[in-house]
Each structure stands twice: as C-alpha cells, then as structure tokens.
Amino acid sequence: MADNKQFELNDIVSMKKPHPCGENQWKVIRVGMDIRIKCMGCQHSVLIPRRQFEKKVKKILEKSEEK
Ligand SMILES: [Zn+2]
C-alpha cells in the first residue's frame, strides 16, 4: 500500500466513487478487519472489508490529530 494511503481512525478520506448524496468526504470511525466510514454529507455509515476499502479509497484528505 502506498504511503499516501496509510489511514488511521478519525482520518477524513475521499473514495474513488462519491456517495450517492454527492459528498465525497468520509470519516474513518472504525478500523479493524473491516473499516467503517461515515459520509460527512449525510452521516450514513458503511462497513467495508479492509482489502476492499484499500482498493476503493482515493486519498487521505485530513490526518487525525488525535494520537
Ligand atoms: Zn452521503
């Protein structure tokens, strides 16, 4: 995985496909075998297997400041 795709909890990411609501900013709210991301536009959240998430994520927009 490329360095610019390293993600952590609470990061804001964009995906290759925007959410149907038109927003393309997602917050990573759970990290594990599956990744849960929440749409910043409509607050809808989806659970995606990690491997699939890594394929679908476009870039990390904002790194979490919480350590
Ligand atoms: Zn949405």
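Data block above holds the structure.
Okay, so let's go over this structure. These numbers were taken from a predicted model, which means no experiment stands behind them.

**So, the overall build of the chain**
Phase 1: Each helix and strand counted, the chain has one helix and five strands in total.
Phase 2: Starting at the N terminus and ending at the C terminus, the chain contains elements arranged as β-β-β-β-α-β.
Phase 3: In the chain, which comprises 67 residues, the share counted as buried stands at 15%.
Phase 4: Counted over contacts in the chain with a minimum sequence separation of 6, partners at least 24 positions apart contribute 36%.

**Comments concerning the environment of Trp26**
Phase 1: The topology assignment puts Trp26 in strand β2 (residues 26–30).
Phase 2: Taking the C-alpha atoms as reference points, Trp26 and Arg36, separated by 10 residues in sequence, lie 9.5 Å from one another.

**Focus on the sheet that holds strand β1 (residues 12–15)**
Phase 1: Pairing is antiparallel in the open sheet, where five strands are placed in the order β4-β3-β2-β1-β5. Each edge of the open sheet carries a strand with a single partner, namely β4 (45–49) and β5 (57–62). Strand-to-strand twist of the sheet, defined as the mean angle between neighbouring strand axes without regard to direction, takes the value 40°.
Phase 2: Examined bridge by bridge, β1 and β2 share two bridges and lie antiparallel to one another. Residue pairing for β2: Val13 is matched across the bridge by Trp26.

**A closer look at the nonpolar core**
Side chains of nonpolar character tend, in soluble globular proteins, to be buried together.
Phase 1: Counting residues in each nonpolar core, the largest one holds nine residues, listed as Phe7, Val13, Trp26, Val28, Ile35, Ile37, Cys39, Phe53 and Val57.
Phase 2: Contributing elements (two or more residues each) for this core: β2 and β3 (34–39).
Phase 3: Apart from the residues lying within four places of it in its own chain, the contact partners of Trp26 are Ile12, Val13, Met15, Ile37, Lys38, Cys39 and Met40.

**Some points on the environment of His44**
Phase 1: Mapping His44 onto the fold places it in the loop between β3 and β4.
Phase 2: A residue is classified by how many C-beta atoms lie within 10 Å of it, and His44, with 13 of them, is partly exposed.
Phase 3: Between the C-alpha atom of His44 and that of His19, which follows or precedes it by 25 residues, the distance is 9.3 Å.
Phase 4: In contact with His44, not counting residues within four places along its chain, are His19 and Cys39.

**Description of unusual backbone geometry**
Phase 1: For Asn10, which is not glycine, the phi torsion reads 75° and is therefore positive.
Phase 2: At Gln43, a residue that is not glycine, the phi angle is positive and equals roughly 70°.
Phase 3: Structurally, the position occupied by Gln43 is in the loop between β3 and β4.

About the criteria used
- Residues numbered from 1 in each chain as written.
- Predicted model: local features only at pLDDT ≥ 70, side-chain atom pairs only at ≥ 80, totals over all residues.
- Helix = DSSP H or I, 4+ residues; strand = E, 2+ residues; numbered from the N terminus.
- Buried ≥ 20, exposed ≤ 12 C-beta atoms within 10 Å, placed from the backbone.
- Contact = placed C-beta atoms within 7 Å.
- Pairing = 2+ DSSP bridges.
- Axes fitted to C-alpha atoms, helices over the stretch in contact; angles between N-to-C directions.
- Core = buried A, V, L, I, M, F, W, Y, C linked by C-beta atoms within 7 Å.

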